[in-house]
Each structure stands twice: as C-alpha cells, then as structure tokens.
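Each chain, letter by letter, is given below.
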Amino acid sequence: MKELAQVRYQFLATDRRPFLDAAREAATLTLPYVLPEEGLSNGGPLPVPWQSLGAQGTNVLASKLMLSLFPITTSFFKLQINDAEIAAIPEVTPEVRSEIDLSLSQMEKMIMQQIAESSDRVVLHGAMKHLVITGNVLLFAGKKSLKLFSLDKYVCNRDGEGNLIEVITKESIHRSLLPKEFQKPLMSSKDSNAVGEDGPKFGTTGITTTEEAEVYTWAKLEDGQWKWHQEIDQRVVSGSSSSAPKKISPWLCLKFNECEGENYGRGRVEEFIGDLKSLDGLMQSLVEGSAAAAKVVFLVSPSSTCKAQSLARASNGQVISGRADDVSVVQVGKTADFRTVQEMIQNLTTRLSNAFLILNVRHSERTTKGEIEMVQQELNEQLGNIFGNLTISLLTPYLNRKLHILSRNKAIPTLPKGLVLPTIVAGLNSVGRGQDKQALMEFVTIVGQSMGPEALATYINPPEFLKRLAAASGIETVGLVKDEQTIQAEREEAQQQAQQQTLLNQAGQLAKSPLAEQAIENGQQQQPPNPEEVEEG
C-alpha cells in the first residue's frame, strides 16, 4: 500500500522535536509570537520576557540581513554578458556591447519593480526573523507571491551532502474553503496507521470531525525534478500534483547555521541562549526587588500613643499626636546587592548587543565618523559565513525562480542560455565591497598624508580611481562618470574657446592703441565726399 503523507510527516517529526523545543525556548526570550507553544489558540496569551534586548536584537539583526541581501536602492543581482560567448560573435562591436549592457540594466529595473510591487519583501523580512530565532524557515515561491512556513508547520529530509530531497508541510484549513468532496469530514473507524498496513502507529488516525481539515503537501526530489501533491483525509487532492526542475524549484528550505549531519539548522539566539537566560533572570530579580524596595510600610510600636489608624488616615501636612521613636519605616537594605546586579546586567547587555550587531559606539566628544564606520564594518563581518550560506540557499534559487515566472508570464523577454548570466552581488559580495572601499580610501589617504597632494595628482589615475570607488560602493557608473572620449572632447572645446577669447582680447587692445586711432583718422580723411552734399553746395 502506498505510504500516506500524514504517516511520513509523523515519522519525520520525531527528528524535528529537539530542534522545535530549542526554537520555542529561543522565541520565549525574544519574540514569542514567532513560534508559540503547541496548542495555543488564536489570540491566546503569550509569555512575556522580563527583558527587551532579545526582541530588539532580533529585529536589528533581521533588518540588517534583509537590507544586506535585498537592498532597497540597488539591485541584489546583475545580468552580465558571458565574455567568452560574446567574443565568438564578430558582429558585436563595442557600441553594440554598450547597448546590450543598457538593455540588461533596464531589465534589472523591471524585475526589481515586479518584486517591489509584490509582497515578497514582507514575507522575506518575516523569514529573517525566523532564521535568527529558530534557525529554520521554509518558503514556497508560488506564481504570485511567497508563502512562509514556520518550523512547526513542516518537516524535511536531506541527503548526506545536506541537499534537500524531501519536504512535507502541514496546514489547517477550514473545510468551507476546500473542494466539495472534502467539505464534509470523512467518517470512518479504519485506522490507516494500524500494524499490518503501514507499519506501527504514530498516535493519530488522521480522521477528524472538526471543521478544520489537515492539508499535507508532500514534495520529493526525483530524477532532478521536484514533484509534489496534496492530501486531505488520507486522499490525494485531484489536480494538486505539480512538478518543477531542480534549478527553478519553488521550495526554499533555509537554515541559519549549517550543522553537519542534521536536517535542521541552529539559530543565532540559540548560540547566546545562556546570556539571554541570565539577563532575563537578573532583570526579573531586579524588577521584583525594586518593586519591593519601592513599597512604603510604616511600623508603629504597640505601646505608642499614636494609633496605626490615625497614622494611616492622616493626610499630607496633618498634625497628629505621638512620638517619632514609636514610628519607623521598613527598609530593604539591598542597595549594594542591586548595584552588583546592575553591573552584571550591563555586561550581559554589552555582550548581547555585539552578538546581535547592535551598534554601540563609544560615547565621547572625540568619537569620529571613521570610528563609527569601522565598528559597523566589524559587526557586519561577523556574519560573513551567514551571508555565504543564504546567498546559495536563498538568493540564487529565488532569483532563478523569479526569472522563470516573469519570463513565462511574458513580463520580461527570455534570456538566452549561456549568453546572459544572472550574478548575485548582494550578501557576502556586499561585505567584500565594503572591505575594498575601506582599503581603497585608506590607501589614498596614506599616500596624500605621507607624500602630499602633488603625489596624488602625479601617480593616481583619476578615472580608474572613480571606477574602483563606484564598484566598491555598488554604484552604476553608466551615464554618471565621463569616459575618456568625452573628457578629451570637452578639453579641445575649452581650448578653442580660450583661443577665441584671447584673439578677441588682443583685437580690443589693438583697437585702443595710438597707431590704430591714427589709422582710423587717416581713413576718414581719405574718404570721398557724398555726391548729394556736393550738389547742394
């Protein structure tokens, strides 16, 4: 008998259990709504952590990952021409090559516009939060938009090299939204997991009488093709089967940290779970202790003439009879202990701020912009391996899938295979460009300071410097930086204008000289008289 998706899901869920428990513990200390406890009803109460640094760090790190992988002002990819292929075509002149580059640049803008108009960025930002906290997330790149599955909604299986080979998702959907044959619950007492049919039982029969139906989507990699279908009430949904080549697969199963031999990843929060637990416990103690210290309680001696009721009812400034020695105030006396707790909280806050890339610069009047940029660069370099991992597992498959969908919908022309190569320029590459920019500026600064400005003008090639600086900053130079031909033409035009201006100045000076005035007078004397004036005379 063919294995059911529900049975396979429950079998793979046993391998997911420890990762799911660790992810829920991490979510409790950061953003509990990302992965709530099992069985929590919609809108149910969530645990409230005693500190907010976990939530702040998660949001900061997720935003940094999002802006690094999917920049807002620039494209995260480039459509580049294969130089080896284009060199074999003699008809492609430099002018044609420039036109091709311009067309590819316009196509990049069209693709980025399509992404901006969709809800992909919202889903991707949520995926970054899941990666930071739980270390795992599943994305399905459909024809219209992305869909996110949290760790408790899917199971996966990988081969020995860590490549994804199987995914099963589980969703609860109201039966009124399903096809007609599934809108009524299947009433049967037959257990599909009974011994003798599909092996041992895994706890449930999959038969329900509730209004919510469990929809399983089973995707497997077979012979270089991803094939998937859906099952409801142990039956395959008609028309749900589909397939896609491995290169343009819609299933993007992401991991934050790669762990050898494990099907699931580990999150950033799990790496510093000890510090977060310590900070949460100390904050709880400090808050509760501060609340106890803030409580004001008066003690009245039993033999005092001042009654406790009189003291309690006395308003501000009222005079009552009694002795001051008979009344005292309860004091906690834990000031020194609170100071120790505060110092430890400060140390933990600093360590966690560095772990989550929260910029914490030195507060001083002499803090410079260069110091802040250096700290920012060091923080970004900590995630170099994460950028490399997500570039392979997210950016490249997402771009291939997006190009396939847009090309099939005739939104963009089909790219010729082997001639145009989509290349990722964000993520790890952006960190490398930041290092190149810093090294380039340091080199020019040191040369200018040690050898003087004349050395820069003598030994530094300005056009090449501008090109390298623009490349390190990720800025397109087409139409921005003048080429050598334009600069030479402008120089020649300026020289001609200067020569014409010089000739005009020399002519004006010559006209004002004594020789020029005498020549003008001689010319006027030699001029013949007007015939009309002679006749009148």
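Our subject is the structure listed above.
Criteria and thresholds
Residues numbered from 1 in each chain as written. Predicted model: local features only at pLDDT ≥ 70, side-chain atom pairs only at ≥ 80, totals over all residues. Heavy atoms only, no water. Disulfide = S-S within 2.5 Å. Helix = DSSP H or I, 4+ residues; strand = E, 2+ residues; numbered from the N terminus. Expected span 1.5 Å × (residues − 1). Buried < 20%, exposed > 50% of the residue type's maximum accessible area, 1.4 Å probe, protein only. Core = buried A, V, L, I, M, F, W, Y, C linked by side-chain atoms within 4.5 Å. Contact = heavy atoms within 4.5 Å. Polar contact = N/O pair within 3.5 Å; in protein donor to acceptor, adjacent residues only side chain to side chain. Patch = residues over 30% accessible without salt bridge, like charges linked within 9 Å, V, L, I, M, F, W, Y side chains within 5 Å. Areas by Shrake-Rupley, 256 points an atom, 1.4 Å probe, with all protein chains shown as cover. Salt bridge = Lys/Arg side-chain N within 4 Å of Asp/Glu carboxyl O. Pairing = 2+ DSSP bridges. Axes fitted to C-alpha atoms, helices over the stretch in contact; angles between N-to-C directions.

Chemist: Teacher, can you tell me more about the state of the cysteines here?
Modeler: When the sulfur atoms of two cysteines share a covalent bond, that bond is a disulfide. Applying the stated criterion across every chain yields a total of zero disulfides. Here C156 stays free of any disulfide, with the sulfur of C253 as its closest cysteine sulfur at 4.1 Å.

Chemist: Sorry, what's going on with helix α5 (residues 120–133) here?
Modeler: Across its 14 residues, α5 extends 20 Å between first and last C-alpha, which sits within 8% of the 20 Å expected from 1.5 Å per residue. Where burial is concerned, most of α5 is hidden: ten out of the 14 residues are buried. All of the buried residues in α5 are D120, V123, L124, A127, M128, K129, H130, L131, V132 and I133. Just downstream of α5, G135 is the residue with a positive phi angle, here 85°.

Chemist: Would you explain the nonpolar core in this entry?
Modeler: The tendency in soluble globular proteins is for nonpolar side chains to be buried side by side. In terms of nonpolar packing, the biggest core is built from 91 residues, with F70, F76, M128, F356 and L394 touching the most fellow members. Take this core: its biggest share by element is ten residues, from helix α1 (residues 5–29). Setting aside residues no more than four positions away along its own chain, F356 makes contact with G57, T58, V60, L61, V132, R268, V269 and L276. Grouped together as the second largest cluster of nonpolar side chains are six residues, L178, F182, A213 and I232 included.

Chemist: Would you explain the environment of Y264 in this entry?
Modeler: Along the chain, Y264 falls in the loop between β10 (251–255) and α6 (268–271). Note: C-alpha distance between Y264 and G162 (102 residues apart in sequence) is 9.6 Å. Y264 has contacts with L12, D15, R16, F19, N136, L151, Y154, V155, C156, K255 and C259, leaving out every residue within four places of it along the chain. There is a polar contact of 3.1 Å between the side chain of Y264 and the backbone nitrogen of C156.

Chemist: Where do I start with a nonpolar patch on the surface in this structure?
Modeler: On the surface, Y33, L40 and L46 cluster together into a nonpolar patch covering about 260 Å² of accessible area. By the element assignment, L46 lies in the loop between α1 and α2 (53–69). The class of L46 is partly exposed, set by a relative accessible area of 35%.

Chemist: So what exactly am I meant to see when it comes to the sheet that holds β10 here?
Modeler: In a beta sheet, neighbouring strands pair by backbone hydrogen bonds and run either parallel or antiparallel. Strands sit in the order β3-β2-β10 across an open sheet of three strands; the sheet is antiparallel. Strand pairing shows two members of the sheet lacking a second neighbour, β3 (146–149) and β10, which therefore form its edges. The mean inter-strand angle of the sheet, taken between neighbouring strand axes irrespective of direction, is 25°.

Chemist: Quick question: what am I supposed to make of the pattern of salt bridges here?
Modeler: Two side chains bearing opposite charge may form a pair once their charged atoms approach each other closely. On inspection of all chains with the given rule, the structure shows 19 salt bridges. The residue R17 makes a salt bridge to D21 at a minimum N-O spacing of 3.4 Å. Residue R17 and its partner D21 are both found in helix α1; the two are separated by four residues, about one turn of the helix. The exposure class assigned to R17 is partly exposed, which follows from its relative accessible area of 36%. Of the charged contacts, one joins R351 and D275 as a salt bridge, the two residues approaching to 2.7 Å between their closest N and O atoms. Of this pair, R351 sits in helix α9 (residues 335–355) while D275 sits in helix α7 (residues 273–294); the two residues are 76 residues apart in sequence, bridging distant segments of the chain. On the basis of relative accessible area, D275 is assigned to the buried category, the value being 17%.

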